[in-house]
Amino acid sequence: MLPRLLVRRSGFRWFFSGQLVSLLGSSMAPVALAFAVLNASGRPDDLGIVLAARMVPLLAFLLIGGATADRLPRRTVLVAANLGSGLTQGAVAVLLLTGNYSLPAVATLEFLNGLLAAFTTPALRGLLPELVATEELQQANSLLSSVKNGTRVFGPSISGLLVVAVGGGPAIACDALSYLVAAVCLTRLPAAPRDSSSRAARGTLRRDLREGWTVFRGTPWVWTVTTAFCVTNLVQTGTWQILGPQLTKQLSSEATWGFLLSARALGMLLMSALMYRLVLRHLLRAGQLAAVFAALPLLAIGTGLRTPWVIAAGFVGGLGLSVTLTAWDTSLQEHIPARVLSRVASYDDLLSYIAIPIGQLAVGPLAQRFGGFQVMTAAGLCYVVVVLLPLASPVVRGLPHAIAGATTPQGEQTPHDQPVEDEPEAAR
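Residues numbered from 1 in each chain as written. Predicted model: local features only at pLDDT ≥ 70, side-chain atom pairs only at ≥ 80, totals over all residues. Heavy atoms only, no water.

Enquirer: I'm lost on the environment of Glu130 in this one. Help?
Expert: Here Glu130 lies in helix α6 (residues 103-131). For the pair Glu130 and Gln333, spaced 203 residues apart in sequence, the C-alpha separation works out to 9.9 Å. (Helix = DSSP H or I, 4+ residues; strand = E, 2+ residues; numbered from the N terminus.)

Enquirer: I tried to follow the nonpolar core on my own but got confused; where do I start?
Expert: Side chains of nonpolar character tend, in soluble globular proteins, to be buried together. If you look at the biggest cluster of nonpolar residues, it comprises 23 residues, and the most contacted ones within it are Phe12, Phe15, Leu127, Leu128 and Val132. Among the elements that take part in this core, α6 stands out by supplying six residues, more than any other. With 22 residues, the next largest nonpolar core counts Leu62, Ala67, Val225 and Leu341 among its residues. (Core = buried A, V, L, I, M, F, W, Y, C linked by side-chain atoms within 4.5 Å. Buried < 20%, exposed > 50% of the residue type's maximum accessible area, 1.4 Å probe, protein only.)

Enquirer: How do you make sense of the packing of helix α11 (residues 220-251) against helix α16 (residues 341-353) when you look at a structure like this?
Expert: Any two packed helices are characterised by the angle at which their axes cross and by the distance between the axes. Relative to each other, α11 and α16 sit at 30°, their axes nearing to 7 Å. Of the possible angle classes, the one that applies to α11 and α16 is roughly parallel. For the crossing formed where α11 meets α16, the hand is right-handed. Contacts from Val222, Thr226, Phe229, Cys230 and Asn233 of α11 reach α16 at Val344, Asp348, Leu351, Ser352 and Tyr353. For the contact of α11 with α16, a count of residues per class yields six nonpolar, three polar and one charged. (Axes fitted to C-alpha atoms, helices over the stretch in contact; angles between N-to-C directions. Parallel < 35°, antiparallel > 145°, perpendicular 65-115°, else oblique. Left-handed = near helix turned anticlockwise from the far one by under 90°. Contact = heavy atoms within 4.5 Å. Nonpolar A, V, L, I, M, F, W, Y, C, P; charged D, E, K, R; others polar.)

Enquirer: I keep staring at the environment of Ala69 and nothing clicks. Help me out?
Expert: Within the secondary structure layout, Ala69 lies in helix α4 (residues 62-71). Sequence spacing of Ala69 and Thr121 is 52 residues, and the spatial spacing of their C-alpha atoms is 9.5 Å.

Enquirer: Quick question: what am I supposed to make of helix α17 (residues 356-370) here?
Expert: Each full turn of the α-helix corresponds to 3.6 residues, which orients residues three or four apart in the same direction. Taking 1.5 Å of rise per residue, 15 residues should cover 21 Å, and α17 covers 20 Å from first to last C-alpha, within 8% of that figure. Where α17 bends most, the angle comes to about 30°, and this point is Val363, followed within four residues by the proline Pro365. All buried positions along α17 are accounted for by Ile356, Gly359, Val363 and Ala367. Of the surrounding elements, those touching the buried residues of α17 are α11, α16 and α18 (372-388). Backbone geometry just after α17 places Gly371 at a positive phi near 105°. (Expected span 1.5 Å × (residues − 1). Bend = angle between axes of the 7 residues up to and from the residue.)

Enquirer: For this particular structure, what's the right way to read the UniProt feature "transmembrane region" (unreviewed entry) in the chain?
Expert: In the numbering adopted here, UniProt assigns the feature "transmembrane region" (unreviewed entry) to residues 20-41, 47-65, 77-97, 215-235, 255-276, 283-303 and 373-392. In residues 20-41, helix accounts for 100% and strand for 0%; the two terminal C-alpha atoms are 32 Å from one another. Between the C-alpha atoms that bound residues 47-65 the distance is 26 Å, and the span itself is 95% helix and 0% strand. (UniProt positions renumbered as here; feature names shortened; annotations may be inferred.)

Enquirer: Help me out: how do you make sense of a nonpolar patch on the surface in this one?
Expert: On the surface, Leu83, Leu177, Leu180 and Val181 cluster together into a nonpolar patch covering about 300 Å² of accessible area. It is helix α8 (residues 168-187) that contributes the most residues to the nonpolar patch, three residues altogether. With respect to the helices and strands, the residue Leu180 is situated in helix α8. For Leu180, a relative accessible area of 33% gives the class partly exposed. (Patch = residues over 30% accessible without salt bridge, like charges linked within 9 Å, V, L, I, M, F, W, Y side chains within 5 Å. Areas by Shrake-Rupley, 256 points an atom, 1.4 Å probe, with all protein chains shown as cover. Salt bridge = Lys/Arg side-chain N within 4 Å of Asp/Glu carboxyl O.)

Enquirer: Would you mind showing me how to read the confidence of the model for the chain here?
Expert: One rule of thumb: low pLDDT means the predicted coordinates there are not for detailed reading. The predicted model of the chain has a mean per-residue pLDDT of 84, with 89% of residues at 70 or higher. Counting contacts from residues 194-201, a segment whose pLDDT is below 50, to residues more than four positions away or on other chains yields 24 contacts. (pLDDT = per-residue confidence, 0-100.)

Enquirer: Could you clarify how one ought to interpret the packing of aromatic side chains in this entry?
Expert: To describe a pair of aromatic rings, you give the distance between the ring centres and the angle between the ring planes. Under the counting rule described, the total for this entry stands at eight aromatic pairs. Centroid distance Trp213 to Phe216: 5.6 Å. Interplanar angle 20°. Geometry classified as stacked. Remark: Phe216 and Trp213 occur in helix α10 (residues 205-217); sequence separation between them is three residues, near one turn of the helix. The partly exposed category is assigned to Trp213, whose relative accessible area is 34%. Through successive ring pairs, a cluster of aromatic residues spans Phe12, Phe15 and Phe16. When the ring centre of Phe370 is taken as reference, the NZ or CZ atom of Arg369 above it lies at 5.0 Å. (Phe/Tyr/Trp six-rings, centres within 6.5 Å; stacked < 30°, edge-to-face > 60°. Lys NZ or Arg CZ within 6 Å of the ring centre and 35° of its normal.)

Enquirer: Is there a simple way to explain the environment of Arg339 in this structure?
Expert: Checked against the element boundaries, Arg339 lands in the loop between α15 (307-335) and α16. Residue classification places Arg339 among the partly exposed residues on the basis of a relative accessible area of 38%. Placed 213 residues apart in sequence, Arg339 and Gly126 show a C-alpha to C-alpha distance of 8.8 Å.

If you want it as structure tokens, here you go:
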């Protein structure tokens, strides 16, 4: 039986379909790109340059991407960004398929791809409230989270099989095609409501960025939780990505790391499906409490637990992480005004992600100084403390979750009041 949102909301159906295709392609791309660059160049340094070339503009232009998504119709921004991403990834695929690999060319194309992603991410987070009613946001986010987590489980495996069978070029071509399909789905979206499409007063970019920062800074629960995300990314991401494979190999074998990642992804997939039905009066509070479970894999590895317990911890950690992510996206979309939502989301993303490379650079020296298992345990304990700290704020604890009976941010009727046949034809 199809979820009710997919039946009742034609706009959301197209959005969901586009995201399904786009996320599947994006989940295949990292594996395909890694092996394609390594096979074409034979130099690991090339891969590092290519990956950095994509990450730098993504971080550097996030704020501009958020301001653009608030100034212009988000559908237009997303169509343009997806078309551009399809062309850049397609060009990378052509270079690899024709045997004309060039590091400067591939790095430049990935730089452009990262630049376009900086406009895509804030626009996507701001678009959803235009497609569904306020009380449907949790369900919509849970469905999208299910798609994202499902592609994380199956996408890399499909990409690996494609790389083995036909090489990395065709797999990257599939990613390019997924962007173009997503762009077609986006063109089917209904026009944004008038007050949403006029969004930011047409001032300067600096004024728009300042207004977004003012709202971000002036909303205590937003900057409090974002600060916690920044610190958890600092202590967790590098530790997980760099020490995780090494320490699980010492505990048992290389296969344990793969099983752990799969268990974590399956936990996220299961909980994202459950969140479609779960009703919580204080969703943000529940998300912060559930975040504690995301630290369990770090603690299990750091304390040297046996393999079955490590894998079980990964599964439970995935359950908690899925609640946290759904709660956060839904809370932003429910409580931040639509006209500044993309800008606030871009400040959230930037401040959350900017700590990741610092943690990645620091974890190696720390492990050499104190030991890998000790650093992993300390990271897990720090994670638990940091995600609970925002709950000391009454605003975070008491933030209400929109339940049936609310209206959309644009003041439209809810689906309970609006006949399905009156909805405009829509899309992704």
